[in-house]
Amino acid sequence: MAKVLCVLYDDPVDGYPTSYARDDLPRIDHYPGGQTTPTPHGVDFTPGHLLGSVSGELGLRRFLEDRGHTLVVTSDKEGPDSVFDRELPDADVVISQPFWPAYLSAERIARAPRLKLAVTAGIGSDHVDLDAAIAHDITVAEVTYCNSISVAEHVVMMILSLVRNYLPAHQWVRDGGWNIADCVARSYDVEGMHVGTVAAGRIGLAVLRRLTPFDVRLHYTDRHRLPAEIEAELGLTYHPSAADMVPHCDVVTVNAPLHPETEGLFDDALIGQMRRGAYLVNTARAKICDRDAVDRALRTGQLAGYAGDVWFPQPAGPDHPWRSMPHHGMTPHISGSSLSAQARYAAGTREILESWLDDVPIRDEYLIVDKGGLAGTGAHSYSTTAPKGRAG
Ligand code: NDP
């Protein structure tokens with residue numbers, strides 16, 4: 001019988017919800033491109049309920065306990081006295097989410113001789129030392145595509161809210177004001193602007209598609225060009241590099257993985273090549289943007305706004321400059337953990353567990369590491385010496 005150790009974020013401060021804003025979720029069977037949404041044999045949760053926090057348990061308890069397995073769920077994951085560290089040595093399976101990652105370092109893996117499966121309930125397994133997982137023959141799997149559209153929606157929301165100056169205007173209302181001039185002195189239309197994405201993979205392309213109706217001019221850079229028919233359909237202008245693209249853009253969104261090529265990409269020099277008053281939205285990885293360069297550019301006006309949901313470190317400390325810099329629209333790391341996304345990644349986690357427990361192959365697109373090497377999606381997106389940091 002397996003022991004499954006699951007690390008999830010804390011319940012809401014006012015307790016686990018007893019009712020929800022909506023009664024159900026739209027039914028989605030396929031992602032763009034045709035991949036099916038998760039297909040477990042069953043689920044023991046109500047889609048639309050909070051599943052990603054400790055009391056939600058990803059809806060796994062009944063399924064696992066009915067089969068005689070043990071489920072331990074905790075949010076306490078840091079330090080040698082944490083529940084995670086205490087429970088790890090005899091765990092067979094570890095599950096965690098990129099929003100609240102249980103870092104499976106080489107040292108921790110060395111202290112977990114029974115560990116055979118690490119599941120990311122979400123997308124991105126760079127919190128797992130993949131070299132150590134390979135060396136210890138641990139399978140690493142994630143729920144590919146489960147929250148890509150969720151993130152794309154968050155990006156579009158952030159672009160609109162920065163350009164229209166939504167958050168400060170909302171604050172005037174909350175403060176009892178009617179200060180129209182204060183609200184509109186930084187408010188523009190997106191229409192006609194040039195918007196570019198650094199990378200046009202699942203999220204980047206979904207952002208481009210969602211922006212098309214706003215009558216903006218769309219740009220992208222990626223290591224590979226999109227098919228000519230997609231470029232024509234969306235009216236895309238391709239640029240060979242971010243440095244080539246940013247001088248043309250009023251808004252830039254970052255949707256590339258973190259790896260040596262992208263780490264620190266948006267530094268003083270690149271931000272300096274952007275149009276004065278451009279907006280930068282980064283939901284990919286914090287370290288793609290130089291923390292202090294962003295802060296400086298907002299203070300000088302080189303950037304008119306910055307938003308995103310990824311920070312370094314996570315959770316960010318109370319003094320992190322991105323909490324207090326001007327003209328920002330940051331959220332905690334939430335874009336991929338809407339209730340809609342949770343229903344998909346909880347079902348995907350269940351599908352992965354069903355396969356693994358029944359000795360049936362896990363879907364190739366969910367695999368990152370298997371049988372002692374990178375596999376499936378992992379073989380395309382990760383390298384073993386420098387994990388690409390796709391967590392999200
Ligand atoms: P995909 O793998 O579908 O797309 C990533 C794209 O980036 C690929 O087309 C890749 O090209 C391209 N790329 C890689 N390096 C560069 C580079 N140096 N310059 C330009 N393009 C590059 O990933 P997703 O769209 O699903 O996710 C993108 C990123 O978003 C993730 O890496 C992750 O960091 C983040 N994310 C954030 C989440 C959140 O909750 N905030 C949730 C999910 C993801 P190639 O085909 O050559 O690899």
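Basis of the calculations
Residues numbered from 1 in each chain as written. Predicted model: local features only at pLDDT ≥ 70, side-chain atom pairs only at ≥ 80, totals over all residues. Heavy atoms only, no water. Pairing = 2+ DSSP bridges. Helix = DSSP H or I, 4+ residues; strand = E, 2+ residues; numbered from the N terminus. Axes fitted to C-alpha atoms, helices over the stretch in contact; angles between N-to-C directions. Contact = heavy atoms within 4.5 Å. UniProt positions renumbered as here; feature names shortened; annotations may be inferred. Buried < 20%, exposed > 50% of the residue type's maximum accessible area, 1.4 Å probe, protein only. Right-handed = clockwise from strand over helix to strand, strands pointing away. Expected span 1.5 Å × (residues − 1). Parallel < 35°, antiparallel > 145°, perpendicular 65-115°, else oblique. Left-handed = near helix turned anticlockwise from the far one by under 90°. Nonpolar A, V, L, I, M, F, W, Y, C, P; charged D, E, K, R; others polar. Near = heavy atom within 4 Å. Polar contact = N/O pair within 3.5 Å; in protein donor to acceptor, adjacent residues only side chain to side chain. Areas by Shrake-Rupley, 256 points an atom, 1.4 Å probe, with all protein chains shown as cover.

Once that is clear, we can look at the sheet that holds strand E9 (residues 251-254). By way of backbone hydrogen bonds, the strands of a sheet pair with one another, either parallel or antiparallel. A sheet is described by the order of its strands in space; here six strands give the open sequence E8-E7-E6-E9-E10-E11, paired in parallel fashion. In this open sheet, the two strands that pair with only one neighbour each are strand E8 (236-238) and strand E11 (303-308). Within the sheet, the average angular offset between the axes of one strand and its neighbour, ignoring direction, is 20°. As paired elements, strand E6 (residues 194-198) and E9 share four bridges and run parallel to each other. Looking at E9, one finds that Gly196 is bridged to Val252. Most of the contacts of helix H5 (residues 148-164) go to strand E10 (residues 278-282), to which it runs at about 150°, and overall it touches E6, E9, E10 and E11. Set on the sheet, helix H8 (residues 202-211) makes contact with E6, strand E7 (217-221), E8 and E9; between it and E7 the angle comes to about 170°.

The subject of this paragraph is the UniProt feature "binding site: substrate" (unreviewed entry) in the chain. Annotation from UniProt places "binding site: substrate" (unreviewed entry) at Ile123 and Asn147. A maximum C-alpha distance of 7.3 Å among these annotated residues, which run over 25 residues, shows that they cluster at one spot. Relative to the elements of secondary structure, Ile123 occurs in the loop between strand E4 (117-120) and helix H4 (130-135). Classification of Ile123 by relative accessible area gives buried; the value is 7%. With respect to the helices and strands, Asn147 occurs in the loop between strand E5 (139-142) and H5.

In this section: the UniProt feature "site: Important for catalytic activity" (unreviewed entry) in the chain. Those residues carrying the UniProt feature "site: Important for catalytic activity" (unreviewed entry) are Arg285 and His333 in this numbering. Over a stretch of 49 residues, the named residues converge on one spot in the fold, their C-alpha atoms separated by at most 10.1 Å. In this fold, Arg285 is placed in the loop between E10 and helix H12 (291-300). Among the secondary structure elements, His333 is positioned in the loop between helix H13 (321-324) and helix H14 (339-357).

Glancing now at the pairing of E5. Across the two faces of E5 the burial is the same, with Thr139 and Ala141 and Val140 and Glu142 all buried. The pairing of E4 with E5 spans four bridges and is parallel. Bridging across to E5, Ala118 finds its partner in Val140. Read as a crossover between parallel neighbours, the route from E4 over H4 to E5 is right-handed.

In this model H14 runs 27 Å from its N-terminal to its C-terminal C-alpha over 19 residues, within 8% of the 27 Å that 1.5 Å per residue would give. The buried fraction of H14 is high, at 15 of 19 residues. Phi for Asp359, located one or two positions after H14, is positive at around 60°.

So, on to the packing of H5 against H8. Each pair of packed helices gets described by two things: the angle between the helix axes and the distance between those axes. Between H5 and H8, the shortest axis-to-axis distance is 8 Å and the interhelical angle comes to 50°. By the angle class used here, H5 and H8 are oblique. Regarding H5 and H8, the two cross each other, and that crossing is right-handed. Between H5 and H8, the residues in contact are Ser148, Ile149, Val151, Ala152, Glu153, Val155, Val156 and Ile159 and Arg202, Ile203, Ala206, Val207, Arg210 and Leu211, respectively. Across the contact of H5 with H8, the residue classes tally to ten nonpolar, one polar and three charged.

Let us now look at the pairing of strand E3 (residues 93-96). Where burial is concerned, the two faces of E3 agree: the one with Val93 and Ile95 and the one with Val94 and Ser96 are both buried. The sheet contact formed by strand E1 (residues 3-7) and E3 spans four bridges and is parallel. Residue Val7 lies in a different strand from E3, and its bridge partner there is Ser96. Where E3 lies against E4, four bridges are found, and the strand directions are parallel. Bridge pairing in E4 links Val93 to Leu117.

Contacts to the ligand come from 28 residues, most closely from Arg202, Ile203, His259, Glu261 and Thr283. Contact between the ligand and Arg202: an oxygen atom at 2.9 Å from a main-chain N or O atom of the residue. In the model, an oxygen atom of the ligand is placed 2.8 Å from a nitrogen or oxygen of the Ile203 main chain. Starting from 920 Å² of accessible surface for the ligand in isolation, the protein chains cover 92%. Residues belonging to the shell around the ligand are distributed by class as follows: eight nonpolar, 13 polar and seven charged.

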